[in-house]
Amino acid sequence: MENCILFGRVSSLRFETPASKASGDTPAVEAQIISLTNEQATFECNVQLDNTNNSNKATISIYNLPANIKNLLKKNTKATITAGYEGENCSGTVFFGVIEKYKDSRNNEDIRTEITCTTANDEMKENKIKLSFPKKSKASSIINNVNKKTDLKNGEIKLGKDTVYERGKTLNGNVKKIFSTMARTTQSRFFISNRTVYFYPIGEVKKEEIQLITGSILTVEETDEGWKINTVLDHRIEEGVWVIIDYQNESLRQDIKGKFEVVKVNHRINAKQGDHKTEIEILTKIKEEEKAQEIKINGQKKRKTKKK
């Protein structure tokens, strides 16, 4: 990001309609690609990412979208948002998912088409899986086989405990339910980012570390659990990455130094005004709610409540 031209903002949208096979009297339909840059269309995007197992979301608002393009943007059409700045490696994908719905509204002479997208609700909620696995099947093998039944990619599948199911395993439910259960029984976390599935042990770093440039920080706000930081848009920042920060504002008594996991991201892109921002949330404190811990006293486990 150091060599990027921060006033040379760029952004683009890419839609890929679903292909279908011939069936009876219905002919096959090929996928179609629609690409729009900030020079070709006026649009705004709000991308919301977090490291939970809920599907990430994006809202795309396009003004005066031609009817022939709008008619192609059906449910489950793949959507990609790219944004950044002029220069090598200065822009990249900030969201990849599918369309869930869209609606039109009128503002004076303009027609605003608002498109709601999710990373993988089509697979996580709508794709029902029914599989049986033999005795002594490993959790890692089961996860890989479930993923083969979806349109999702395998990211790093690293488990806290690769549980062996001595009596076999039967699965019946949607992908979110299955993966959530597998995460609990393997002492892991899972989430889906840009239609890629990740499992990793609880408390372990999954993604790369990013040095946050001090000069890119616009505002800093303290929260109950850490900090909310507004910066110029940085396409590299996703949920689950770790950022290295060395920031100090003496007048506001703000001092943040260290390496922190990003738990939430909000990319805001305004192609009309050329205004791109990234907001991140990092954790630096123990949560305020009471923490239940198991401790051993005289060889017996008892529950102890630890308050802030």
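It should be noted that the structure appears before, not after, this text.
Residues numbered from 1 in each chain as written. Predicted model: local features only at pLDDT ≥ 70, side-chain atom pairs only at ≥ 80, totals over all residues. Heavy atoms only, no water.

**Some thoughts on the overall build of the protein**
Across its full length, the protein holds four helices and 22 strands. If you line up the protein on its principal axes, its C-alpha atoms span 75 × 70 × 35 Å. A burial count over the protein gives 44% of its 308 residues as buried. Put simply, of all contacts in the protein between residues at least 6 apart along the chain, 61% involve residues at least 24 apart. If you sum the accessible surface of the protein, you get close to 17500 Å²; carbon and sulfur atoms cover 44% of it. In the protein, 52 side chains carry a positive charge and 42 a negative one; their mean positions are 10 Å apart. (Helix = DSSP H or I, 4+ residues; strand = E, 2+ residues; numbered from the N terminus. Buried < 20%, exposed > 50% of the residue type's maximum accessible area, 1.4 Å probe, protein only. Contact = heavy atoms within 4.5 Å. Areas by Shrake-Rupley, 256 points an atom, 1.4 Å probe, with all protein chains shown as cover. Lys, Arg positive; Asp, Glu negative; His and termini not counted. Charge placed at Lys NZ, Arg CZ, Asp CG, Glu CD.)

**Some points on helix α4 (residues 175–185)**
A turn of α-helix holds 3.6 residues, and therefore any two residues three or four places apart point the same way. The set of residues buried in α4 consists of V175, I178, F179, S180, M182 and A183. Once α4 ends, the next one or two residues include Q187, with phi positive near 55 degrees.

**Some words on the packing of aromatic side chains**
Under the defined criterion, the tally for this structure stands at five aromatic pairs. The structure contains a cluster of three or more aromatic residues connected by ring pairs, namely F179, F190 and F199. Lying across the ring of W242, K259 places its NZ or CZ 5.9 Å from the centre. (Phe/Tyr/Trp six-rings, centres within 6.5 Å; stacked < 30°, edge-to-face > 60°. Lys NZ or Arg CZ within 6 Å of the ring centre and 35° of its normal.)

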